[in-house]
Amino acid sequence: MSGNPYDNAYAVDNVYGHTIALLKEYRISDGDGVHLDLAAGFGVIGEVVQSELGRQYVGVDLDSEGLRSARARGLEMHAHDLTLPDTFSFIEKILAGRRVRSISILDGLEHIGTASGLLDVIAQLCRSNDAHVVVSVPNVTHQDVTHKLLLGEWDYTASGLLDATHIEFFSEKSLVAKLGAAGLHRVGMQNVELSQSDQHFPSTHPALQDGTTLNSFLRYVRESAESNGRVNQFVWSCVAGPAQASHLVDSTDVQDDRPFLTILTRTQGRRIAELREVFNCLAGQTSDDFEVLVLGHKVLTAEQIQVEQAIEDNPRWLRERIRYVKVDHGGRATPLNVGMKSARGRYVVVLDDDDNVFAHWVEAFLTSERRKPGALLRAVATMQSVDRVTVRQVPGIRAIGSPKFPYAPSFSFTSHLVSNSTPLMSIAFPRGIFDDLGMTFDETMTTTEDWDLILRSAAIVGVEDSKKITAIYHWWETEESSRTEHESREWRLNHLAIDRKLDALPILLPIGEARAVRDLVTGRAGNGGDEDHNSAFQTNTHLRIGLLRRIATILESRSWRIQAPMRALSQLFGGGPALRMSDCVTYSTDELASTIQKLEASRSWRTTSWMRRARRVQ
Amino acid sequence: MPEYAEQSVTVQCVLYNNDVGAIERALESLNRCAELAVPEGAVWPMQVAYGDASPRPLLDTDVLEAWAERFPSLRIRYEWFGRNTGSALGHNLIAEHLDTDLVLIMNPDVVLAPRALGFLIRSLDDPLVGMAEAKQLPIEHPKDYDPVTGETMWATTACALIPRDLFVELGGFDSDTFFMYCDDVDFSWRVRLAGRLVVFQPAATVFHDKRLGDDGQWQPTSAEQYYSAEAGLLLAHKWSRDDLVEKIAGYFRSSKDETLLRAVAEYERRRLAGLLAPQVDSDHVVGVFTPTNEYAKHRYLL
């Protein structure tokens, strides 16, 4: 090595080795020909190109030291300033009729800049020679650079990621855009990854040291948003194709064209009367600043026609805001993720095809956005039992119970760690968590995918409460719903999955949440304090009520009662006293949960599961 | 697709200082409803008749002309009463010009589901049915109904369809007795007294902007409290429940609540002036007064 900072040795795991691998992998055409190495420097890959690819190496650079070194090793090198406008004719001249099979420009673009037109020259050469090109550039978004930049540091060095001579910096997106503007398109990729780059200094920086909470939080957010945090150099193989539009990002915010809210309505096409009620509720909204995506999930053709008819029936202003999106794969969460990708709204909310909303549902979210833009927007839902009826041969829905209020009026992150008190239609997600933070509904979860995303996103963007009651969660007493479709064991498994996920993450608690944690630990929750900070206690109370209700449902069910003689017999033989509802009232939350587990695991419950399946009620 | 006999429809709404935007939103849906109800037998275009009881006219010619252009399936008629008629008299005044087969009594701000009118018209195919009520969203009225026939004790006139002949035969609403509450209960009971059925059709939905307070309770205005209290007394009297009148009036008097005291005082004034309605249903065949002061059994508390 010469001591020149650009005179680096060839290695299979550095940019040179990755380049050779790509050149071998993407051979568009075989046979004799030239490998053209632009900004060749010391011609490090020259010998390997000739020996392993069987191509004649031709290097071009302006640096005399590099030219001398390469020529001394017998490589064909030409001196030229690649920023000059005659570059294409210069290359044609040195090729002298020889065919170019492949091209490389390794860590050169950041010195030359894309404004020089060099990428256009490369694209033209690729096109006319049916060749491909390997491009490498340093990744300015490496986590060492971005973590320090976030805290106000930007350190130029003699070489490396922030080489003081760089005139242009690249992220993955900007490189794709700039190559695309020249008509070059990525077909292969072998990036060089380094957990600790040349910017990993000072080594005591809390944002860089991987033992700190700050570092793990930044890495978690970054890895969720974008996967190039450890990429030191992008190394891509590209071919020529049509040129894309300008690579410059339009800084004009596209928000103006967006509706405030995208409403995602999942349907399986089996609840047309309910879906029509949803549309009726939307037609009565006091704010029309929304669009609706009806996500038809695995809907049969005949049912899709009914869904489309229900959409078509709406008044024009509403009809024009509704799009039908067909989703024919995946589980419960899949249509939501598909919908997120098509959503145009600044916010996204899920309103399933069997719930209702009040007239100020959209308006309340909109008002909350003005108070805290970018946060999750939460309102309050009430719950009401409903059933299906057919009156005069027409199917309809009938409420059969008073509206109940099981959900806490304000959001507590701490309480939500224990149970979900936020039905999906009562929380709107900012599009940034999908677009910019890379979050999605977890499609591996068969239930509780909503709770999971609420927690993950609330931990980053916070929650703004409206406290207004704006929605009705319908509790289907005799029809199938996600509650009855999924066995309670499955629910518990998903709960555990959420717990595991959260236990592995650094959590950013919102302002004021420390008090809720303190109160829980000291047992002061519920013994005074203001309403907001008692929400943890409230949710705990709601959780207890939910557990008690579940026990009551089991004890009062026909299938449990029918087994009473068998249980009485077992008690005679030492099976313990019968469980009474009055005993449960004094139980702790854990004892209630444990009781439910025992009841559900009992012989009485298991042997009568067929009855519940047949009736679809418990 | 079954063939339906053509029936013309008038939608009647009494206005009182309503939000014009909300009326417009309701018209949008009504226009679509009218388009879709044609195959169900509704005559095109459908008439919409507004009677305005506001202190000043809510609508002007410009608005009406714009609506006429925008809602081609509706023929809109508007009259400013120049006085606060209340809902019962307001509807009767509008109905003086009624010349269609069916009349849809409706709050001006309810938003009909596209197929709601069709479902209501089909309910009236049964000649026994004299009044068909739509289901309100998002909070449904809790009164009980037969889950197969839809038969119920009474219908709210937030949105209810009535054959014109029956409406005329019954003399419309009892506007001498009721101002703005219980006029629909009384009318429904007279429909039943005439041997016809009142039915509830849950598939015919209308969205009615009713909200719950942050505490989850309905929050009636003091006017709503007063008129419903007054109407409760008047309804009990008219439907021959003097025992209830005595009980309710006693409760009102002992409550020391200003609104309730005013209601009982107005009742007394009418009684002494001989202005109470003649009593009907002396055998209590039709009128229903539940222990919780409802006019039908309720499925749940609201």
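Now for a look at the structure at hand. Fair warning: this is a prediction, and the values are worked out from it, not measured in the lab. What you see as residue numbers is a count from 1 along each chain, following the sequence as written. For naming, the first written chain is A and the first written ligand is 1, with later ones following in the order written. Local features are withheld for residues below a pLDDT of 70 in this predicted model, meaning they are given only at 70 or higher, and side-chain atom pairs are given and counted only at 80 or more; totals for whole chains, interfaces and linings count all residues. The basis for every side-chain value is the complete set of heavy atoms in the structure, and neither hydrogens nor water enter the calculation.

## Overview of the overall build of chain A
Step number 1: Secondary structure elements are taken from DSSP: a helix is a run of H or I of four residues or more, a strand is a run of E of two residues or more, and numbering for both begins at the N terminus. Helices and strands together make up the secondary structure of chain A, namely 27 helices and 17 strands.
Step number 2: Scored against the burial criterion, the 618 residues of chain A give a buried share of 52%.
Step number 3: Every residue pair with non-hydrogen atoms within 4.5 Å of one another is taken to be in contact. Here the contacts in chain A between residues at least 6 apart in sequence split such that 77% fall between residues at least 24 apart.
Step number 4: Surface accessibility in these figures is a Shrake-Rupley result with a 1.4 Å probe; residues are shielded only by whichever protein chains are displayed. Entry remark: accessible area of chain A is about 27,400 Å², with carbon and sulfur atoms responsible for 53%. Accessible area is worked out with a 1.4 Å probe on protein chains only. A residue is then buried under 20% of its type maximum, exposed over 50%, and partly exposed in between.

## Remarks on the interface of chain B and chain A
Step number 1: Contacts between chain B and chain A engage 47 residues on the former and 42 residues on the latter.
Step number 2: Defined in terms of a 1.4 Å probe, buried area is the accessible area two parts forfeit on being brought together, summed over both. Between chain B and chain A the total buried area reaches about 3,400 Å² when both faces are included, carbon and sulfur atoms providing 55% of it.
Step number 3: By convention in these notes, a salt bridge is any Lys or Arg side-chain nitrogen within 4 Å of a carboxyl oxygen on Asp or Glu. If you look at where chain B meets chain A, you find four salt bridges.
Step number 4: Polar contact is defined as a pair of N or O atoms within 3.5 Å, subject to the rule that within protein one atom must be able to donate a hydrogen and the other to accept it, and that residues adjacent in sequence are counted only when both atoms are side-chain atoms. At the junction of chain B with chain A, the criterion picks out 16 residue pairs in polar contact (both at pLDDT 80 or more).
Step number 5: Contributions of two or more residues to the side of chain B that touches chain A are made by helix H1 (20-37), strand E5 (111-112), helix H4 (116-123), strand E6 (129-137) and strand E8 (197-207) of chain B.

## Structural notes on unusual backbone geometry
Step number 1: Here the residue pair Trp-44 of chain B and Pro-45 of chain B is connected by a cis peptide bond, since its omega of -5° sits within 30 degrees of zero.
Step number 2: Going from Leu-137 of chain B to Pro-138 of chain B, the amide bond is cis rather than trans, its omega being 0°.
Step number 3: Turning to its location among the elements, Pro-138 of chain B is positioned in the loop between E6 and strand E7 (159-163).
Step number 4: Although it is not a glycine, Asp-107 of chain A sits at a positive phi angle of roughly 50°.
Step number 5: Tracing the backbone through its elements, the reader meets Asp-107 of chain A in the loop between strand E4 (100-106) and helix H5 (109-112).

## Quick look at the sheet that holds E8 of chain B
All names here are of chain B.
Step number 1: Only strands joined by at least two bridges in the DSSP assignment are considered to pair. Pairing within the open sheet is mixed, and its eight strands lie in the order E3-E2-E1-E4-E7-E6-E8-E5. On the outer flanks of this sheet lie strand E3 (74-80) and E5, each paired with one strand and no other.
Step number 2: As paired elements, strand E2 (residues 46-52) and E3 share seven bridges and run parallel to each other. Within E3, the position partnered with Tyr-50 by the bridge is Tyr-78.

## Examining the pairing of strand E4 (residues 102-106) of chain B
The two faces of a sheet get side chains in turn, since along a regular strand they alternate between them.
Residues and elements named next belong to chain B.
Step number 1: Most of E4 sits inside the fold, with five of its five residues counted as buried.
Step number 2: Of the two faces of E4, the one carrying Leu-102, Leu-104 and Met-106 and the one carrying Val-103 and Ile-105 are both buried.
Step number 3: Relative to E4, strand E1 (residues 9-15) runs parallel, the two being bridged by four bridges. Bridge pairing in E4 links Val-9 to Leu-102.
Step number 4: Here E4 runs beside E7; their pairing, made up of five bridges, is antiparallel. Opposite Met-106, over in E7, you have Cys-159 as the bridge partner.

## Regarding the pattern of salt bridges
Residue and element names in this part refer to chain A.
Step number 1: In the structure shown here, the tally under the stated rule is 49 salt bridges over all chains.
Step number 2: Arg-344 is the partner of Glu-291 in a salt bridge, and the nearest nitrogen-oxygen pair spans 3.9 Å. Of the two residues, Glu-291 sits in strand E10 (residues 290-297) while Arg-344 sits in the loop between helix H13 (334-342) and strand E12 (347-350), which places them 53 residues apart along the sequence.
Step number 3: For Glu-291, a relative accessible area of 6% gives the class buried.
Step number 4: Judged by relative accessible area, which is 37%, Arg-344 ranks as partly exposed.
Step number 5: Taken together, the salt bridges that share partners define one network made up of Arg-266, Arg-332, Asp-352 and Glu-449.

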